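# Structure assessment
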Amino acid sequence: MGIANNLRLSSSLSRILHRRILYSSAARSFTTSEGHRPTIVHKQGLDILHDPWFNKGTAFTMTERNRLDLRGLLPPNVMDSEQQIQRFMTDLKRLEEQARDGPSDPNALAKWRILNRLHDRNETMYYKVLINNIEEYAPIVYTPTVGLVCQNYSGLFRRPRGMYFSAEDRGEMMSMVYNWPAEQVDMIVVTDGSRILGLGDLGVHGIGIAVGKLDLYVAAAGINPQRVLPVMIDVGTNNEKLLKDPMYLGLQQRRLEDDDYIDVIDEFMEAVYTRWPHVIVQFEDFQSKWAFKLLQRYRYTNRMFNDDVQGTAGVAIAGLLGAVRAQGRPMIDFPKMKIVVAGAGSAGIGVLNAARKTMARMLGNTETAFDSAQSQFWVVDAQGLITEGRENIDPEAQLFARKTKEMERLGLKEGATLVEVVREVKPDVLLGLSAVGGLFSKEVLEAMKGSTSTRPAIFAMSNPTKNAECTPQDAFSILGENMIFASGSPFKNVEFGSGHVGHCNQGNNMYLFPGIGLGTLLSGAPIVSDGMLQAASECLAAYMSEEEVLQGIIYPPISRIRDITKRIAAAVIKEAIEEDLVEGYREMDARELQKLNEEELMEYVENNMWNPEYPTLVYKDD
Ligand SMILES: NC(=O)c1ccc[n+]([C@@H]2O[C@H](COP(=O)([O-])OP(=O)(O)OC[C@H]3O[C@@H](n4cnc5c(N)ncnc54)[C@H](O)[C@@H]3O)[C@@H](O)[C@H]2O)c1
Ligand SMILES: O=C(O)C[C@H](O)C(=O)O
Ligand SMILES: [Mg+2]
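Residues numbered from 1 in each chain as written. Chains lettered and ligands numbered in written order. Predicted model: local features only at pLDDT ≥ 70, side-chain atom pairs only at ≥ 80, totals over all residues. Heavy atoms only, no water.

- The chain is annotated in an unreviewed UniProt entry as Malic enzyme from Arabidopsis arenosa.
- Of the chain, the UniProt comment under Subcellular location (unreviewed entry) reads exactly: "Mitochondrion". (UniProt positions renumbered as here; feature names shortened; annotations may be inferred.)

### A closer look at the site of ligand 2
- Tyr-142, Thr-143, Arg-195, Leu-197, Lys-213, Glu-284, Asp-285, Asp-307, Asp-308, Asn-463, Asn-508 and Asn-509 make up every residue found near ligand 2.
- In this structure, Lys-213 approaches ligand 2 through a side-chain N or O atom, which is 2.9 Å from an oxygen atom.
- One nitrogen or oxygen atom from the side chain of Glu-284 is found 3.0 Å from an oxygen atom belonging to ligand 2.
- Taking 260 Å² as the accessible area of ligand 2 by itself, protein coverage stands at 92%.
- When the residues that make up the shell around ligand 2 are grouped by side-chain class, the tally is two nonpolar, four polar and six charged. (Near = heavy atom within 4 Å. Polar contact = N/O pair within 3.5 Å; in protein donor to acceptor, adjacent residues only side chain to side chain. Areas by Shrake-Rupley, 256 points an atom, 1.4 Å probe, with all protein chains shown as cover. Nonpolar A, V, L, I, M, F, W, Y, C, P; charged D, E, K, R; others polar.)

### Comments concerning the side chain of Arg-161
- With respect to the helices and strands, Arg-161 occurs in the loop between helix H9 (153-156) and strand E1 (163-166).
- With relative accessibility at 17%, the residue Arg-161 sits in the buried group.
- A distance of 3.3 Å separates the side chain of Arg-161 from the side chain of His-119, its partner in a polar contact.
- A distance of 2.5 Å separates polar atoms of two side chains, one belonging to Arg-161 and the other to Asp-120.
- Apart from residues no more than four positions distant in its own chain, Arg-161 is found in contact with Asn-116, His-119, Asp-120, Glu-123, Ile-207, Val-211 and Pro-230. (Helix = DSSP H or I, 4+ residues; strand = E, 2+ residues; numbered from the N terminus. Buried < 20%, exposed > 50% of the residue type's maximum accessible area, 1.4 Å probe, protein only. Contact = heavy atoms within 4.5 Å.)

### Side note on the nonpolar core
- One finds Ile-188, Phe-268, Val-281, Phe-283, Leu-431 and Phe-459 to be the most contacted residues of the largest nonpolar core, which totals 174 residues.
- If you look at the next biggest cluster of nonpolar residues, it comprises 30 residues, including Leu-430, Val-444, Ala-447 and Cys-470. (Core = buried A, V, L, I, M, F, W, Y, C linked by side-chain atoms within 4.5 Å.)

### Considerations on the packing of helix H6 (residues 123-132) against helix H7 (residues 134-141)
- Taken N-terminus to C-terminus, the directions of H6 and H7 make an angle of 115°; their axes are 6 Å apart at the nearest point. Here Tyr-126, Val-129, Leu-130, Ile-131 and Asn-132 of H6 lie close against H7, whose contacting residues are Ile-134, Tyr-137, Ala-138 and Val-141.
- Looking at side-chain class alone, the contact of H6 with H7 contains eight nonpolar, one polar and no charged residues. (Axes fitted to C-alpha atoms, helices over the stretch in contact; angles between N-to-C directions.)

### Quick notes on the packing of aromatic side chains
- Enumeration according to the criterion identifies 13 aromatic pairs in this entry.
- Between Tyr-217 and Phe-513, the ring centres sit 5.2 Å apart and the planes meet at 55°, which makes this aromatic pair tilted. Of this pair, Tyr-217 sits in helix H11 (residues 207-221) while Phe-513 sits in helix H22 (residues 513-523); the two residues are 296 residues apart in sequence, bridging distant segments of the chain.
- Judged by its relative accessible area of 0%, Tyr-217 falls in the buried class.
- Look at Phe-513 and you get buried, because its relative accessible area is 0%.
- A network of ring pairs unites the aromatic residues Tyr-126, Tyr-127 and Trp-610 as a single cluster.
- Over the aromatic face of Trp-378 sits the side chain of Arg-402, whose NZ or CZ is 4.3 Å from the ring centroid. (Phe/Tyr/Trp six-rings, centres within 6.5 Å; stacked < 30°, edge-to-face > 60°. Lys NZ or Arg CZ within 6 Å of the ring centre and 35° of its normal.)

### Regarding the site of ligand 1
- In the vicinity of ligand 1 lie 27 residues, with Arg-195, Thr-312, Ala-344, Ser-346 and Asn-509 positioned nearest.
- One of the backbone nitrogen or oxygen atoms of Gly-198 is found 3.5 Å away from an oxygen atom of ligand 1.
- The separation between a nitrogen atom of ligand 1 and a polar main-chain atom of Gly-507 is 3.0 Å.
- Starting from 870 Å² of accessible surface for ligand 1 in isolation, the protein chains cover 84%.
- Where the shell around ligand 1 is concerned, the elements lending two or more residues are helix H15 (307-326), helix H16 (346-362) and strand E7 (377-381).
- Split into classes, the residues belonging to the shell around ligand 1 amount to ten nonpolar, 14 polar and three charged.

### A look at the coordination of the magnesium ion (ligand 3)
- Bound to the magnesium ion (ligand 3) are the protein donor atoms Glu-284 (OE), Asp-285 (OD) and Asp-308 (OD), situated 2.0 to 2.1 Å from the metal.
- Within one chain, the residues serving as donors to the magnesium ion (ligand 3) are arranged as E-D-x22-D. A single burial state applies to Glu-284 and to Asp-285, both of which are buried. (Donors = N, O, S within 2.8 Å, 3.2 Å for Na, K, Ca; no water.)

### Observations concerning the UniProt feature "active site" (unreviewed entry) in the chain
- The sites that carry the UniProt feature "active site" (unreviewed entry) are, in the present numbering, Tyr-142 and Lys-213. Spanning 72 residues, the annotated positions come together in the fold, the maximum distance between their C-alpha atoms being 6.8 Å.
- Examined against the element boundaries, Tyr-142 turns out to sit in the loop between H7 and helix H8 (145-151).
- Judged by relative accessible area, Tyr-142 falls into the buried class, the value being 3%.
- When near neighbours in sequence (up to four residues on either side) are disregarded, Tyr-142 contacts Gly-212, Lys-213, Leu-216, Asn-508, Asn-509, Met-510 and Phe-513.
- The topology assignment puts Lys-213 in helix H11.
- Among the residues examined, Lys-213 registers a relative accessible area of 6% and is labelled buried.
- Residues in contact with Lys-213, not counting those within four places in the same chain, are Tyr-142, Val-189, Gln-282, Glu-284, Asp-307, Asn-509 and Phe-513.
- There is a polar contact of 2.9 Å between the side chain of Lys-213 and the side chain of Tyr-142.

Next comes the structure, spelled out in structure tokens:
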């Protein structure tokens, strides 16, 4: 704190000095190093970016950014006004093209723009619109449209939202963090843009994901929008197109690696926790090689979690338990399920680890229980079935490598194809987190007909829509009305004509992360423990009634997201109390929190959720 305060003092001192120089030089018609007579402004930071008279957006020079406390509030690439206009015009023209050959909803981007403009003008109204119409607009501000937004970000960028820390800012982050105007920040969603949905490395344009996730934090969890902060850490990009694109908004250099990379993330973490010691940091869409390492690095000392690894795991477990119940079987039959997983990245491995632990717990947590649980999974990645025969196997996937001898008995070899695996294993569940659209081809789905389950389940969890492993139409048409279907992106239910409906569940981590964040915040727990994550997942699993699961409805509709989030937050707090992790929040201290019964806990959560209502404003000069 001491260092931060000193930095802060010295940065305010330099601001005053700058101002003096500006004033006196203006009085003497002094010219700047840029050769122009300066315009005196009485604003700094976000105030100047939000003022159409003075705002220059990405054209603020580095000198001006330093002088006006703008560092970190804009993407790092400085552009001249010609480049800015070119970027704007390219985007304007693209709108016409999108109307012709755009995504399934040709108006999705136009809707995003209109909502985004409302967000800039009137935050209360924006969230009221979003909450009241969540079913219609979640797919615009969140998945899948948010993916398209990130892909088109250089054209869509207008007013910055959130903070940018780049590799060029090393050594400066501790002071830059004070450029953010809010004294309190509860929730940060941070990405390095390296794996945006299933769209790959989108570099600095990945900031859209952090913005979209935080929109759900406000809409679903009632986190105060004045206390959320989307963050992009720009360590470069390995996307060849972006490296050459003159319109790219980020650093045009290859990604930092090894210790250089870790140093940047460490510096960012130190800066934000110094200014806001109680903030929760959600890591989002980091490529898997960093997702796991960073999670291990910070999870035991910081209030943080990785949504793709841990949030996805919880949502998948809840859905898998739903699929067991949908067969009319009790949840404790879960360890008998045979599960084929396509994709062994951050999400796939996260799901596998959590599912293995859940099964082992149900079987008594003994060594044999873990062995037996492990044998329920077959994992296929880009190189096919993972066995012990795999060379250079990822350490995270090692646990799930199948024994060569056992596989030979099934006629399967190292690297066997997905269709071969499905044909031989006859799994209850086929779950995709591969980011490969259409991976569950006709052939694979035909092979699933051999499933030994009375209600086979397909989880096509990859995002956005085009990356889904299959559509519900494909799955239901081949596997019949009785199957269970979930997808990461929203799809419409399938009508069978006979009045019967094939229910399309949205298996997306949006059902968990808002409740995990809110519960952690209100408990004051210093870390997000495995138990808290498990409690969140169990709460989601228990949310659906017997009648609903029997109809194949294993996740709630998004219209109920605020209600489920509230319950999940309460379950997370309850678990934190049981683990003696609570430290309280604001006027609710740990001891009082421990005394609350379940009903009071729900009330406590509800009372701390922000609602989009206009407050009465009174002017006070300070
Ligand atoms: N529904 C959700 O809530 C949710 C949550 C997290 C991630 N996701 C989605 O999951 C996908 C993967 O995310 P990730 O972080 O694990 O990505 P990742 O890049 O870390 O992993 C992708 C994995 O898929 C494997 N793969 C590639 N081609 C394959 C093929 N032909 N057959 C089988 N496997 C193949 C790769 O080898 C790798 O193991 C993304 O589309 C992401 O949007 C969805
Ligand atoms: O962002 C989403 O919709 C879910 C998930 O976090 C993903 O990376 O796909
Ligand atoms: Mg994600």
